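# Topology and contacts: notes
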Amino acid sequence: MTYTVNCSILLTELPLLERAAAAKAAGFDSVEFWWPFATAVPADSEVDAFIASIKNAGVTLQGLNFFAGDMPAGDRGLVSWVGRESEFLDNIDVVTAIGEATGCKGFNALYGNRQPGIDGQAQDKLAISNLVAAAKGVERIGGTVLLEPISGSETYPLKTSADAFFVLQKVHAAGAGNVKLLADFYHLAVNGDDVAKLIEDHAHEFGHIQIADDPGRGAPGTGTLQLGEWITRSRDLGYAGGVALEYKAAHTEAFNWLIRQPA
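Below you will find a few notes about this structure. (Residues numbered from 1 in each chain as written. Predicted model: local features only at pLDDT ≥ 70, side-chain atom pairs only at ≥ 80, totals over all residues. Heavy atoms only, no water.)

### Focus on the side chain of Ser30
With respect to the helices and strands, the residue Ser30 is situated in strand β2 (residues 30-33). Reaching out from Ser30, the side chain makes a polar contact with the side chain of Thr4 at a distance of 2.7 Å. Once residues within four sequence positions are removed from consideration, Ser30 is found in contact with Tyr3, Thr4, Val5, Val59, Thr60 and Gln62. (Helix = DSSP H or I, 4+ residues; strand = E, 2+ residues; numbered from the N terminus. Polar contact = N/O pair within 3.5 Å; in protein donor to acceptor, adjacent residues only side chain to side chain. Contact = heavy atoms within 4.5 Å.)

Structural data, given as structure tokens:
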């Protein structure tokens, strides 16, 4: 089975621009990143250096996040963030340019936390508008916007697949068909989703899959989730995309579990 390495959670002991090459050295041909810059519109030199690190490593960039704010401080996206509309819209052009330069087609737009003092419906209305704009932006390069339920943030409103599908229905009705579910099996399982049923009902609609085991968000095999079975069943039911490794592990042992996998 071919996997993609998320270089924003794995190989983080290395400088950002060395991680794609490290993934290649470990035997992988594709990588993905959360937004790798501190701002929504970084300097051209920063963008050029990032793109060069991907190309020089000889790997494919399979996934990239839109700017999500200050992630270490707890931010989880600008899609529904009232007051930062122009920042998100400006970021679309940069994301699309990176996609065009690298061939990347999958772009994760984190929805954003609920804001104190802001009506949730106003945030949701903004989110639909921003998702449609993002979808139109990446459409010209054949891109797909990904919408992800996540765990670990009480104020992030999309916790289950049902939460995401509710938003997706509105986005699709607004004419943006290239927005799909990012099925992170770890986040969904931790939040109580019935992942096996989700796969049976919707695997053919998944835009992307990410994996980690539970408890601990560690490598496959360190916990109790049936990740291998879920991936196989997803493919049986029509999912043809990549499977990204998005777990926590020291780089010296991050991929040891793969040695135990059947050829």
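Anyway, onward from the coordinates.
### Description of the nonpolar core
Soluble, globular proteins show a tendency: their nonpolar side chains are buried together. Core analysis: the biggest nonpolar cluster contains 82 residues, and Phe66, Ile98, Phe185 and Phe206 have the highest contact counts within it. Looking at which element gives the most residues to this core, the answer is helix α4 (residues 120-139), with seven residues. Aside from chain neighbours lying at most four places away, what touches Phe66 is Trp35, Phe88, Asn91, Ile92, Val95, Phe107, Asn108, Ala109, Ala134, Val138 and Val145. (Core = buried A, V, L, I, M, F, W, Y, C linked by side-chain atoms within 4.5 Å. Buried < 20%, exposed > 50% of the residue type's maximum accessible area, 1.4 Å probe, protein only.)

### Quick look at the pairing of strand β7 (residues 208-211)
Consecutive side chains along a regular strand alternate between the two faces of the sheet. Residue alternation in β7 divides its side chains into two sets, His208 and Gln210 and Ile209 and Ile211, and both sets are buried. Pairing of strand β6 (residues 179-184) with β7, which is carried by three bridges, proceeds in the parallel orientation. Residue Asp184 lies in a different strand from β7, and its bridge partner there is Gln210. The pairing of β7 with strand β8 (residues 243-245) spans three bridges and is parallel. Residue pairing in the sheet places Ile209 in a bridge with Val243 of β8. For the handedness criterion, the β-α-β arrangement of β7, helix α8 (residues 227-236) and β8 is classed as right-handed. (Pairing = 2+ DSSP bridges. Right-handed = clockwise from strand over helix to strand, strands pointing away.)

### Details of the side chain of Ser161
Structurally, Ser161 can be placed in helix α5 (residues 161-173). Residue contacts for Ser161: discarding those within four places in its chain leaves Pro149, Leu188, Asp193 and Leu198.

### Focus on the packing of aromatic side chains
Geometrically, a pair of aromatic rings is defined through the distance of the ring centres and the angle of the planes. By the definition in use, this model includes 11 aromatic pairs. An angle of 35° between the planes, with centres 5.5 Å apart, marks the rings of Phe66 and Phe88 as tilted. With Phe66 in the loop between β3 (60-65) and α3 (85-102) and Phe88 in helix α3, this residue pair connects regions lying 22 residues apart in the sequence. You can call Phe66 buried: its relative accessible area is 1%. (Phe/Tyr/Trp six-rings, centres within 6.5 Å; stacked < 30°, edge-to-face > 60°.)

### Some remarks on the pairing of β2
What you see with β2 is no split at all: Ser30 and Glu32 on one side and Val31 and Phe33 on the other are buried throughout. Traced from strand β1 (residues 4-6) through helix α1 (residues 19-25) to β2, the parallel crossover comes out right-handed. As paired strands, β2 and β3 are joined by four bridges and run parallel to one another. The residue of β3 that forms the bridge with Glu32 is Gly63. Read as a crossover between parallel neighbours, the route from β2 over helix α2 (residues 44-57) to β3 is right-handed.

### Topic: α3
The periodicity of an α-helix, 3.6 residues per turn, causes residues three or four places apart in sequence to face the same way. With 18 residues, α3 ought to run about 26 Å at 1.5 Å a step, and its terminal C-alpha atoms sit 26 Å apart, in line with that. In the core, the buried residues of α3 are packed alongside α2, β3, β4 (106-108) and α4. Two residues or fewer past α3, Gly103 is found with a positive phi of approximately 85°. (Expected span 1.5 Å × (residues − 1).)

### Some remarks on the sheet that holds β4
Read around the closed barrel, eight strands run β1-β2-β3-β4-β5-β6-β7-β8, paired in parallel fashion. Averaged over all neighbouring strand pairs, the angle between strand axes comes to 30°, with direction disregarded. As defined by bridge partners, β1 adjoins β2 across two bridges and the pair is classed as parallel. Note that in β2 the partner of Val5 across the bridge is Val31. (Axes fitted to C-alpha atoms, helices over the stretch in contact; angles between N-to-C directions.)

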